[in-house]
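# Summary of the model geometry
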Amino acid sequence: MISYIAVKHIHVTCAALSISLFLLRGVLMLRHSAMLQQRWLKITPHVVDTLLLASALTMVAWSAQYPFVQSWLTAKVLALLAYIVLGMIALKRGKTASIRLMAFIAALLVFAYIVAVAITRQALVFS
Ligand code: HEM
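Quick look at the structure, then.

The next thing to look at is the packing of helix H1 (residues 4–30) against helix H2 (residues 39–63). Interaxial distance between H1 and H2 falls to 8 Å at its minimum, and their mutual angle equals 150 degrees. Accordingly, the angle class assigned to the pair H1 and H2 is roughly antiparallel. Note on packing geometry: the crossing formed by H1 with H2 is left-handed. Residues Tyr4, Val7, Lys8, Ile10, His11, Cys14, Ala15, Leu17, Ser18, Leu21 and Arg25 of H1 touch H2, and the partners they reach there are Leu41, Thr44, Pro45, Val48, Asp49, Leu51, Leu52, Ser55, Ala56, Thr58, Met59 and Trp62. When grouped by side-chain class, the residues that make up the contact of H1 with H2 number 15 nonpolar, five polar and three charged.

This part covers helix H4 (residues 97–120). Every α-helix winds through 3.6 residues per turn, so residues three or four apart in the chain are directed the same way. End to end, H4 covers 35 Å across 24 residues, agreeing with the expected 34 Å (1.5 Å per residue, within 8%). Three or more residues of H4 are buried, namely Ala103, Phe104, Ala107, Phe111, Ile114 and Val117. Packing partners of the buried residues in H4 comprise H1 and helix H3 (71–93). Just downstream of H4 lies arginine 121, where phi reads positive at about 55 degrees.

Now for the site of the ligand. What surrounds the ligand is a group of 22 residues, the closest being Ala15, Ala56, Met59, Lys76 and Ala118. Its residues assigned to classes, the shell around the ligand shows 16 nonpolar, four polar and two charged.

The nonpolar side chains of a soluble globular protein tend to be buried, and buried together. Of all hydrophobic cores here, the largest spans twelve residues; its members are Phe22, Ala75, Tyr83, Leu86, Ala90, Leu91, Ala103, Phe104, Ala107, Phe111, Ile114 and Val117. Looking at this core, the elements that each hand over two or more residues are H3 and H4. For this core, the leading source of residues is H4, giving six residues. Dropping the residues within four chain positions of it, alanine 103 is found in contact with Leu86, Ile89, Ala90 and Gly94.

Thresholds, definitions, all that
- Residues numbered from 1 in each chain as written.
- Predicted model: local features only at pLDDT ≥ 70, side-chain atom pairs only at ≥ 80, totals over all residues.
- Axes fitted to C-alpha atoms, helices over the stretch in contact; angles between N-to-C directions.
- Helix = DSSP H or I, 4+ residues; strand = E, 2+ residues; numbered from the N terminus.
- Parallel < 35°, antiparallel > 145°, perpendicular 65-115°, else oblique.
- Left-handed = near helix turned anticlockwise from the far one by under 90°.
- Contact = placed C-beta atoms within 7 Å.
- Nonpolar A, V, L, I, M, F, W, Y, C, P; charged D, E, K, R; others polar.
- Expected span 1.5 Å × (residues − 1).
- Buried ≥ 20, exposed ≤ 12 C-beta atoms within 10 Å, placed from the backbone.
- Near = placed C-beta within 6 Å.
- Core = buried A, V, L, I, M, F, W, Y, C linked by C-beta atoms within 7 Å.

Structural data, given as structure tokens:
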């Protein structure tokens, strides 16, 4: 059976892939590139993000540390929701170029916060 460490490796690898793909799509969006419409660039992020979440849920269950019980996991779930919404505004729904750019930068900052929470296991990473 797959070990906890292996699931954690999958989780961290998916996190790295997720931000790399988001950065790539963000740069293409800022350059108004037609490459953004490529099929693999639309499908791969969904596959990666599904694996990221599935591995997160597996570790939550196996370690019996739950969101809305452990504050650092609550912070990760809420920040993940913010990252998804900001990502949608940046890549799809933002009406103007400046709204998209601001949402893109905010999504990157939220992602950095999620990684900081993961490493420190504290919601208030700057305290
Ligand atoms: C964009 C979203 C996410 C990113 C970038 C991310 C990143 C990371 C990273 C880098 C680690 C390894 C930390 C370390 O040991 O140094 C980690 C571990 C972990 N993450 Fe995530 N994560 C994300 C979403 C989530 C979500 C939504 C949950 C749960 C609801 C979650 C639950 C966990 C758990 C349980 C661990 C393992 C802690 C341990 O046993 O050492 N993650 N995450």
